[in-house]
Amino acid sequence: MTTHHPVAIIGAGLGGLTAARVLHVNGIEATVFELEASANARTQGGMLDIHEDSGQRALHAAGLHDGFRKIIHEGGQALRLVGPDGTVHLSEEDDGNGGRPEADRGDLRRLLLESLPEGTIRWGMKVSCARPLSDGRHEVTFTDGSAVTTDLLIGADGAWSRVRPLLSAAEPVYTGISFIETDLLDADARHPGSAALLGGGFFICLGDRRGFLAHREGDGSLHAYTALRTDEDWLDTIDFTDSATAKAAVLSHFDGWDENLRALIADADGALVPRRIHALPVGHRWDHVPGVTLLGDAAHLMSPFAGEGANLAMLDGAELGLAIAARPGDTEAALTAYEEALFPRGEASAAESATSLETMFGDRGLERMIEFFASHELPDSVIEDSH
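Read on for a plain summary of the structure. Remember, predicted model here, so these are calculated numbers, not experimental data.

It is worth spelling out the nonpolar core at this point. Ile-9, Phe-68, Leu-108, Val-140 and Leu-153 are the most contacted members of the largest nonpolar core, which has 59 residues in total. In contact with Leu-153, not counting residues within four places along its chain, are Ala-8, Ile-10, Ala-130, His-138, Val-140, Val-163, Leu-166, Gly-291, Val-292 and Thr-293.

Laid out in structure tokens, this is it:
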């Protein structure tokens, strides 16, 4: 049975939820379709730095900035840059005056979810197909056999978007970087050496085209990404169902590194989680198609090395909602205005991310980052959580 929804948003990530919220506060109903079974189906990742000029702008538009201030992780804007031998080359504490306060992704998503009317989110709805109908309408079919039609289809469904093919043939490609994600729980008590080395906020260690990127979480745990520049199939050579074997395989790439760094792998609590980092082409854009658009990773997937992905997704959602609200009865004018701003914004951040990847994981990555920080005002984060 097919039902009709005037506005259908595919994906209940930060961008899709922000779009739904901004539409709601402007009196426009939208329905969000999410493949996960519930809001608590999985953990939502680690810390995000929310930028004044993007993520926080979106939260203001959504009427949620006061709520956001209540979930900020105090001290999270601290930054530390370390070499493979454990030498600290840069350490900046959080004085509370930075423009990019940290918040847990799960807390931020919960803030958005709780701001929407009951029934806005349809959980357990995995898209199998999206196709055009007529007059700018589209039909979306789900794997349970149900379908909906919509006057406006918004693809907020991430890297492997099922909506993107309606607009673009582009697909994400492997960037050359693979992550292994780990957690060290109750770090000060159970992993004091690593906790002391990492400090209170964001942490970078680079050397020989590899390294560690980590955050101290609000619950006192350390959330770390071991990063390696390697072939796309390298992760397939490791049995991640056997933690001991997986740890040994990853640690073999860090012989001679400081033991408190190696402990981010060796002493990890729980499973090691492998992740390949993909990106869409820098400057990805499409010719306007009536009744459909994209936001967030579906529009401009990039590596996390500019710290912009989640912020841009939220800003995209807010800007799209505001464009629609400002042009009642003229969706196509709203989409055109939104996309004209979306494309250069996404291109600039994607280019920055690609450049940062080469800086951090090219030759002399540590030295180049030291030089970068010496010649620039310190940012609060240069990468974001990769979820």
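A few words now on the sheet that holds strand β14 (residues 222-229). A sheet is described by the order of its strands in space; here 7 strands give the open sequence β5-β4-β12-β13-β14-β11-β15, paired in mixed fashion. Each edge of the open sheet is held by one strand with a lone partner, namely β5 (88-92) and β15 (273-279). Geometrically, the sheet is characterised by an average inter-axis angle of 20° between neighbouring strands, direction not taken into account. Two elements, strand β12 (residues 202-207) and strand β13 (residues 210-216), share 6 bridges in a ladder whose sense is antiparallel. Opposite Gly-207, over in β13, you have Arg-210 as the bridge partner.

Turning our eyes to something else, we now look at the packing of helix α7 (residues 243-251) against helix α8 (residues 259-266). For the pair α7 and α8, interaxial distance at closest approach is 9 Å and the crossing angle is 145°. In this structure, α7 crosses over α8, and the sense of that crossing is right-handed. Residues Lys-247, Val-250 and Leu-251 of α7 lie in contact with α8, whose contacting residues are Arg-262, Ile-265 and Ala-266.

This paragraph deals with unusual backbone geometry. Of note in this structure, Asp-208 is not a glycine but carries a positive phi near 55°. Mapped onto the fold, Asp-208 is located in the loop between β12 and β13.

Regular strands place their side chains on alternate faces of the sheet. Of all 6 residues in β12, 6 are buried, a share of seventy percent or more. With burial as the criterion, each face of β12 is covered, one bearing Phe-202, Ile-204 and Leu-206 and the other bearing Phe-203, Cys-205 and Gly-207. Here β12 folds back onto β13 in antiparallel fashion, the turn holding 2 residues, of which Asp-208 has a positive phi close to 55°.

For the rest of this paragraph, the subject is the pattern of salt bridges. Inspection of every chain in the model, using the stated rule, returns 16 salt bridges. Between Glu-36 and Arg-109 there is a salt bridge, with its nearest N and O atoms 3.8 Å apart. A residue pair is termed long-range when its members are at least 10 positions apart, and Glu-36 in the loop between β2 (31-33) and β3 (47-49) and Arg-109 in helix α4 (residues 105-114) qualify at 73 residues. Since its relative accessible area comes to 4%, Arg-109 is described here as buried. Through salt bridges with shared partners, one network takes in Asp-255, Glu-259 and Arg-262.

Before going further, it helps to examine the pairing of strand β1 (residues 2-10). Across 8 bridges, the pairing between β1 and strand β10 (residues 147-155) is parallel. Bridge pairing links Val-7 to Leu-152 in β10. As paired strands, β1 and β2 are joined by 3 bridges and run parallel to one another. Bridge pairing in β2 links Ile-10 to Phe-33. In the classification by handedness, the crossover that spans β1, the intervening helix α1 (residues 14-25) and the parallel β2 is right-handed.

Attention now moves to the side chain of Ser-54. On the secondary structure map, Ser-54 appears in the loop between β3 and α2 (55-61). Ser-54 sits in the buried class, given a relative accessible area of 4%. With residues up to four places along the chain from it excluded, the contact list for Ser-54 reads Glu-308, Asn-311 and Leu-315.

Under the definition given, this model contains 9 aromatic pairs. A ring pair is formed by Phe-254 and Trp-257, whose centres lie 4.8 Å apart and whose planes are at 85°; its orientation type is edge-to-face. According to the relative accessible area criterion, Phe-254 is buried, its value standing at 0%. Trp-257 sits in the buried class, given a relative accessible area of 10%. Considering the side-chain rings of Trp-286 and Phe-343, the 4.8 Å spacing of their centres and the 90° angle between planes classify their relative orientation as edge-to-face. Here the residue Trp-286 occupies a position in the loop between β15 and β16 (292-294), and Phe-343 occupies one in helix α11 (residues 331-361), the gap between them amounting to 57 residues.

The rules behind the values
- Residues numbered from 1 in each chain as written.
- Predicted model: local features only at pLDDT ≥ 70, side-chain atom pairs only at ≥ 80, totals over all residues.
- Heavy atoms only, no water.
- Core = buried A, V, L, I, M, F, W, Y, C linked by side-chain atoms within 4.5 Å.
- Buried < 20%, exposed > 50% of the residue type's maximum accessible area, 1.4 Å probe, protein only.
- Contact = heavy atoms within 4.5 Å.
- Pairing = 2+ DSSP bridges.
- Helix = DSSP H or I, 4+ residues; strand = E, 2+ residues; numbered from the N terminus.
- Axes fitted to C-alpha atoms, helices over the stretch in contact; angles between N-to-C directions.
- Left-handed = near helix turned anticlockwise from the far one by under 90°.
- Salt bridge = Lys/Arg side-chain N within 4 Å of Asp/Glu carboxyl O.
- Right-handed = clockwise from strand over helix to strand, strands pointing away.
- Phe/Tyr/Trp six-rings, centres within 6.5 Å; stacked < 30°, edge-to-face > 60°.

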